[in-house]
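Chain residues, written in single-letter form:
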Amino acid sequence: MKRLRQLSIYYKINGITISMLVFFMLFAGWLVRGFTADVLGKQIEQRGLETAIYIATLSADDIVVDNYFALHERINTKKNNTEDVRYIIIADHAGNPVAHTFGTSLPAGLPRNAAELLADGADYSVSIFDSSEGPIREVVTSIDGNANIGFVRVGMSERTMQLWLDQKTLELLVWSLLIGLLAVSLATRMAHVIM
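Residues numbered from 1 in each chain as written. Predicted model: local features only at pLDDT ≥ 70, side-chain atom pairs only at ≥ 80, totals over all residues. Heavy atoms only, no water.

A.B. asks: Tell me what's going on with the pattern of salt bridges, and back it up with residues and numbers.
C.D. replies: Pairing between side chains of opposite charge can happen when their charged atoms approach one another. The tally for this structure, following the rule as stated, stands at seven salt bridges. A salt bridge links Glu158 to Arg137; the nearest nitrogen and oxygen atoms lie 2.4 Å apart. A residue pair is termed long-range when its members are at least 10 positions apart, and Glu158 in the loop between strand 5 (150-157) and helix 4 (159-194) and Arg137 in strand 4 (residues 134-142) qualify at 21 residues. With respect to burial, Glu158 and Arg137 carry one shared label: buried. Here Lys168 ties to Glu171 by a salt bridge, and the two come within 3.4 Å at their closest N and O atoms. Taken as a pair, Lys168 and Glu171 lie in helix 4 at a separation of three residues, close to a single helical turn. (Salt bridge = Lys/Arg side-chain N within 4 Å of Asp/Glu carboxyl O. Helix = DSSP H or I, 4+ residues; strand = E, 2+ residues; numbered from the N terminus. Buried < 20%, exposed > 50% of the residue type's maximum accessible area, 1.4 Å probe, protein only.)

A.B. asks: Outline the nonpolar core, supporting the account with residue identities and numerical values.
C.D. replies: Ile88, Ile90, Ile143, Val152 and Val154 are the most contacted members of the largest nonpolar core, which has 20 residues in total. If you list the elements that add at least two residues to this core, you get helix 2 (9-64), helix 3 (68-81), strand 1 (85-92), strand 5 and helix 4. By residue number, the principal contributor to this core is helix 2, which donates seven residues. Apart from residues lying up to four places away in sequence, Val154 is in contact with Gly48, Thr51, Ala52, Val85, Tyr87, Ile88, Arg137, Glu138 and Val139. In terms of nonpolar packing, the next biggest core, distinct from the first, is built from five residues, Tyr87, Leu106, Leu110 and Ile136 among them. (Core = buried A, V, L, I, M, F, W, Y, C linked by side-chain atoms within 4.5 Å. Contact = heavy atoms within 4.5 Å.)

A.B. asks: Tell me about helix 3, and please be specific about residues and values.
C.D. replies: Between its terminal C-alpha atoms helix 3 stretches 20 Å, which fits the 20 Å expected from 14 residues at 1.5 Å a residue. All of the buried residues in helix 3 are Ala70, Leu71 and Ile75. Summarising the axial view, the buried residues of helix 3 lie within an arc of 120 degrees, below the 170-degree limit, and thus occupy one face. Among the exposed residues of helix 3, those oriented more than 90 degrees off its buried face are Phe69, Asn80 and Asn81. (Expected span 1.5 Å × (residues − 1). Arc of directions from axis to C-beta.)

Dropping the structure here:
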C-alpha cells in the first residue's frame, strides 16, 4: 500500500484508466454474449418448432395408416437437409416412438415417452439437456394439434450457434483490446500534458 502511495500521479492516472477500460470491456463482452446467446437460443427453438410442425402436418395421415416407410423417409430427408437438426422422432398417441433418425434404437438418457414431455393443453414444449455433442434443445409438439394421433420431437443442436458465438466474442475482445490500447495511449499522453 505504501508503495502505491509513492507512485507519481502520472502512473496513478494511467492505472485507473487501464483498470476502468479492462473492467468495462469484460463487463460489456459478458453482457453482449449473454444477450446474443438468448436471442440465438430463441431462434433455434423457433426453427425447431417450425420443423416439428412441418413434419407433424405431413405425417398425420401416414401415422393413421401405419405408413412407417414414408415417415422414415420424410424425417431422414428433413434431418439431412437442415443443419442444426440433430434428430427427429415421431411417436404414436401413447408417446412411444414409431419412427426416428437414430438408426436401430434411441440413445440412452433420452426420454422415451413423448406424451410426458408435452403438458396437457400446450401446443408445444421445449426442453434443454446436455449431450456428448453439447446442448440440445428438444421441441415437442402434437401431430396436427391432436395428441390422439401422436407427437413429433425435434432435437436442435447448439453447436453451430456456440461456434459462431465464440468467434464473435473473440472478435469483440480483439476490437476492444485495440480500442483500449488507443484509449490508454491517449490517457498517457493526457497525463503527460497534465504533468
